[in-house]
Amino acid sequence: MQTLGGFPAPASRRVSSARHNATRSWCRSAANEASAWLRPAGASRRAAATGVWVLHWPVGHVGRGFAGRTGGGGAAAGRALVPWRIAPRVYCLGPSGRAGTNVFFVRSATSWTLVDTGWASDADRIERAAAALLGGDTRPDAILLTHCHPDHSGAAERLARDWDCPVHLPAEEVPIAIGDFAAMVADAGPLDRWVVLPMLRALGRRRREAVLARSRLDCSLRAFRPGTDVPGMPGWECVPTPGHTRGHVSYSRPADGVLITGDAVVTLRVNSPAGLLLSREGISGPPWYTTWDRRLARESVARLADLEPSVLACGHGTPMTGPDTAEALRALAERLGGH
Ligand SMILES: [Zn+2]
């Protein structure tokens, strides 16, 4: 895999009790995802009284960086703070944190659009990055989401309010965005079934609805259907890539093969404990523990491979480019057997 700008692979490190740490890392990432679902944006300690606190403890590490990458100084640290150019008019903020989360700034002739918003705690960092890249009082035409998971839509509410702009998302993601519990049950991935839903059910109906109401997106939501023009991004197309979530989409710019994939494909080894622990780069299917329908997800990887991208800008991991990009994605699709 060729990465942009010579981003160094994480230095190999001696890790004592590596297996134990890897398992703990996987659990933290999983619990992180669970807690973000359950923790309303800006929640106070009052939420702890609901019993949700059990899952709060791992949240702190997200956004603080990862030794040797965002927290370790050097070019990697700079990239976590300042958007860097990955293609004409496309800038990446990230990878950030152990999950290597990315958001993307896409410029047009007259304005710009933010694609995905990271975790709720990323709002300040994204606003500072936008100001550094585009000027102090800049605001986008729109925020676009690939899907409604807390590491992609977490800061949407705050940013939409601060920037006074709409949030566009695929129509099938709206029920999750507005905190519809029945939709969460219908679209549950393994982590939801094992952890999130049991916790929510344990709260009882009234407290559950209060938690979901606090975490819902109340901002100016605008639903769109894949196949239509991409709002705020002329020259881009919306590619349906269901599987990780029911309404997941990717964004493609056919003119030069730039592909923003959300979690349909990632360039971090999210499906191995060691990969998560060491933030190992590598093309991968979506994290299976938070994926709703694996068969659809595999088919979506194949659909993206058919586009033969020249730049792969994923929700997690360093964006990938170069002549081997399309081939690497093709090989992944064949490994996963989605054709
Ligand atoms: Zn994600």
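This text goes with the structure placed above it.
This write-up is about the structure you can find in this document. (Residues numbered from 1 in each chain as written. Predicted model: local features only at pLDDT ≥ 70, side-chain atom pairs only at ≥ 80, totals over all residues.)

1. Comments concerning the overall build of the protein chain
- Along the protein chain, the regular secondary structure elements total twelve helices and 14 strands.
- Taken over 339 residues, the protein chain has a buried fraction of 49%. (Helix = DSSP H or I, 4+ residues; strand = E, 2+ residues; numbered from the N terminus. Buried ≥ 20, exposed ≤ 12 C-beta atoms within 10 Å, placed from the backbone.)

2. Re the sheet that holds strand β7 (residues 221–224)
- The strand order across the open sheet built from seven strands is β1-β2-β3-β4-β5-β6-β7, with neighbouring strands paired in mixed fashion. Looking at which strands have only one partner, the edges of the open sheet turn out to be β1 (84–87) and β7. This sheet shows a mean twist of 30° between the axes of neighbouring strands, independent of strand direction.
- By the bridge criterion, five bridges tie strand β2 (residues 90–96) to strand β3 (residues 101–107) in an arrangement that is antiparallel. The partner of V90 across the bridge, within β3, is V106. (Pairing = 2+ DSSP bridges. Axes fitted to C-alpha atoms, helices over the stretch in contact; angles between N-to-C directions.)

3. Notes on the sheet that holds strand β8 (residues 237–240)
- Reading across the sheet, the five strands line up as β8-β9-β10-β13-β14 and stay open at both edges, with mixed pairing between neighbours. Where the open sheet ends on each side, the last strands, each with one partner, are β8 and β14 (320–321).
- Relative to strand β9 (residues 249–253), β8 is paired through four bridges, and the arrangement is antiparallel. Looking at the pairing, C238 lines up with Y251 of β9.

4. Structural notes on unusual backbone geometry
- Cis geometry marks the peptide bond from G94 to P95; its omega dihedral reads 0°.
- The residue D164 is not glycine, and still its phi comes out positive at about 55°.
- Summarising the element assignment, D164 is placed in the loop between α5 (156–163) and β6 (167–170).

5. Details of the environment of P170
- You can see P170 is positioned in strand β6.
- Residue classification places P170 among the buried positions, given that 25 C-beta atoms sit within 10 Å.
- Each C-alpha atom of the pair P170 and L144 lies 9.0 Å from the other, and the pair is 26 residues apart in sequence.
- When residues no more than four places from it in sequence are discounted, the contact partners of P170 are F224, P226, G247 and V249. (Contact = placed C-beta atoms within 7 Å.)

6. Things to note about the pairing of strand β13 (residues 311–314)
- The alternating pattern of β13 places V311 and A313 on one face and L312 and C314 on the opposite face, and all of these are buried.
- Bridge analysis of strand β10 (residues 258–262) against β13 gives four bridges, and the strand direction is parallel. Looking across to β13, one finds that V258 is bridged to V311.
- Note that β13 and β14 share two bridges and pair antiparallel.

7. Topic: α5
- The set of residues buried in α5 consists of A156, E157, R158, L159 and A160.
- Buried residues along α5 sit against α3 (123–134), β5 (142–144), α4 (150–153) and β6.
- D164 lies just past α5 and shows a positive phi near 55°.

8. Here we look at the nonpolar core
- F104, I143, V265, A313 and L329 are the most contacted members of the largest nonpolar core, which totals 67 residues.
- In contact with I143, other than residues within four places in its own chain, are L114, T117, A156, L159, A160, C165 and V167.
- Counting five residues, the second largest nonpolar core, distinct from the first, contains L191, V195, V196 and M199. (Core = buried A, V, L, I, M, F, W, Y, C linked by C-beta atoms within 7 Å.)

9. Side note on the pairing of β10
- Here β10 lies mainly inside the structure; five of its five residues are buried.
- The side-chain alternation of β10 yields two buried faces, one formed by V258, I260 and G262 and the other by L259 and T261.

10. Details of the environment of D324
- Structurally, D324 is set in the loop between β14 and α12 (325–336).
- Of the residues examined, D324 has 12 C-beta atoms within 10 Å and is grouped as exposed.
- As for D324 and V311, which are separated by 13 residues in sequence, their C-alpha atoms are 9.9 Å apart.

11. Some points on the packing of helix α11 (residues 294–306) against α12
- It is at 9 Å that the axes of α11 and α12 come closest, and there the two elements cross at 155°. Relative to α12, the element α11 lies roughly antiparallel. α12 is crossed by α11, and the crossing has left-handed handedness. Each of R298, V301, A302, L304 and A305 in α11 lies in contact with α12, whose residues at this interface are L329, R330, L332, A333 and L336.
- In terms of residue class, the contact of α11 with α12 is made up of eight nonpolar, no polar and two charged. (Parallel < 35°, antiparallel > 145°, perpendicular 65-115°, else oblique. Left-handed = near helix turned anticlockwise from the far one by under 90°. Nonpolar A, V, L, I, M, F, W, Y, C, P; charged D, E, K, R; others polar.)

12. Quick notes on the environment of N271
- Looking at the secondary structure, you find N271 in the loop between β11 (266–268) and α10 (273–277).
- Along the sequence, N271 and P287 sit 16 residues apart, while their C-alpha atoms lie 5.6 Å from each other.
- Not counting the four nearest positions on each side in its chain, N271 is found in contact with S284, P287 and W288.

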